[in-house]
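# Structural features, examined
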Amino acid sequence: MCLIMEDDDDGVVLVSPSNFSMVEDGIYRSGFPQPENFGFLKTLNLRSIIYLCPEPYPEENLKFLEANNIKLFQFGIEGKTDPPTPMPKDTVLDALKVLVDVRNHPILIHCKRGKHRTGCLVGCLRKVQSWCLSSVLEEYQKNAGLKWRQRDLKFIETFDIVSLRQCLLSIMYRYHGYGFKRRRLLNEEENVQKLKPQAAKV
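Criteria and thresholds
Residues numbered from 1 in each chain as written. Predicted model: local features only at pLDDT ≥ 70, side-chain atom pairs only at ≥ 80, totals over all residues. Heavy atoms only, no water. 1 Å grid on protein atoms, 1.4 Å probe; cavity = no way out; pocket = protein on both sides within 12 Å on 5 of 7 lines; lining within 4 Å. Points joined across faces, edges and corners; volume = space filled by probe spheres on them. Helix = DSSP H or I, 4+ residues; strand = E, 2+ residues; numbered from the N terminus. Nonpolar A, V, L, I, M, F, W, Y, C, P; charged D, E, K, R; others polar. Buried < 20%, exposed > 50% of the residue type's maximum accessible area, 1.4 Å probe, protein only. Pairing = 2+ DSSP bridges. Axes fitted to C-alpha atoms, helices over the stretch in contact; angles between N-to-C directions. Parallel < 35°, antiparallel > 145°, perpendicular 65-115°, else oblique. Left-handed = near helix turned anticlockwise from the far one by under 90°. Contact = heavy atoms within 4.5 Å.

Another aspect to go through is empty space enclosed by the protein. To find leftover empty space, one rolls a probe the size of a water molecule over the atoms. If you walk through the whole model with that rule in mind, you get 1 cavity of 30 Å³ or more. The calculated volume of the largest cavity comes to roughly 60 Å³. Lining the largest cavity are 10 residues, with Glu78, Thr85, Met87, Arg149 and Asp152 sitting closest to its centre. Of all the secondary-structure elements, those providing two or more residues to the lining of the largest cavity are helix H4 (116-128) and helix H6 (150-158). A breakdown of the residues in the lining of the largest cavity according to their chemical character gives 1 nonpolar, 3 polar and 6 charged.

Okay, structure coming up:
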């Protein structure tokens, strides 16, 4: 499934990557972008892409990223089913750290088909966002379709987000404006004034 739009300015047809959808404001997911999708991706004003496959990124795609100042974060997760390859928790955690950093937004997450590896990462993000587990798993199954995997559901269910929350304790998110919702990520140590100890009055 893809989204087809027409640019009113010059009549160019814009085609989204397969399985494209918005996760939330500034975060998108899809299958692997093809050259015919580049026009559509330009409209998203992406800053970053999270790529969840171990294979090298195609040269044509790399040229598109360079031309549009888009940063690539690659986390090589195997997608084999025979024998099944378990999702690496540490790799997913590293990808989550990139995903929740609003300095990387707008951001696109993709693997090959945008279903299983992408679905697991989005599912873990939902846990960080404190979604109830039934809604998290339902979203995964909806996007994976008939080929949803029980082991992916188990991975999402058992994924421990405590360590990620700990690394976010010193980070504050401040939102400015509405609509486009400009975001700025501020480090606590840069914004919290450190009070100097005062001598006690006798």
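Moving on, we get to the pairing of strand S4 (residues 27-30). Burial of the side chains of S4 extends over both faces: Ile27 and Arg29 are buried on one face and Tyr28 and Ser30 on the other. Strand direction decides the pairing type here: strand S3 (residues 21-24) and S4, joined by 3 bridges, are antiparallel. Counted as the bridge partner of Ser21 is Arg29 from S4. Bridge count for S4 against strand S7 (residues 107-110) is 4 bridges, and the pairing is parallel.

Relative orientation of the contacting elements H4 and H6 amounts to 25°, with a least axis distance of 9 Å. Judged on the interaxial angle alone, H6 and H4 are roughly parallel. As H4 packs across H6, the resulting crossing turns out to be right-handed. Together, His116, Gly119, Cys120, Gly123, Cys124 and Lys127 of H4 and Asp152, Phe155, Ile156, Glu157 and Thr158 of H6 make up the contact between the two elements. Counted by class, the contact of H4 with H6 contains 4 nonpolar, 4 polar and 3 charged residues.

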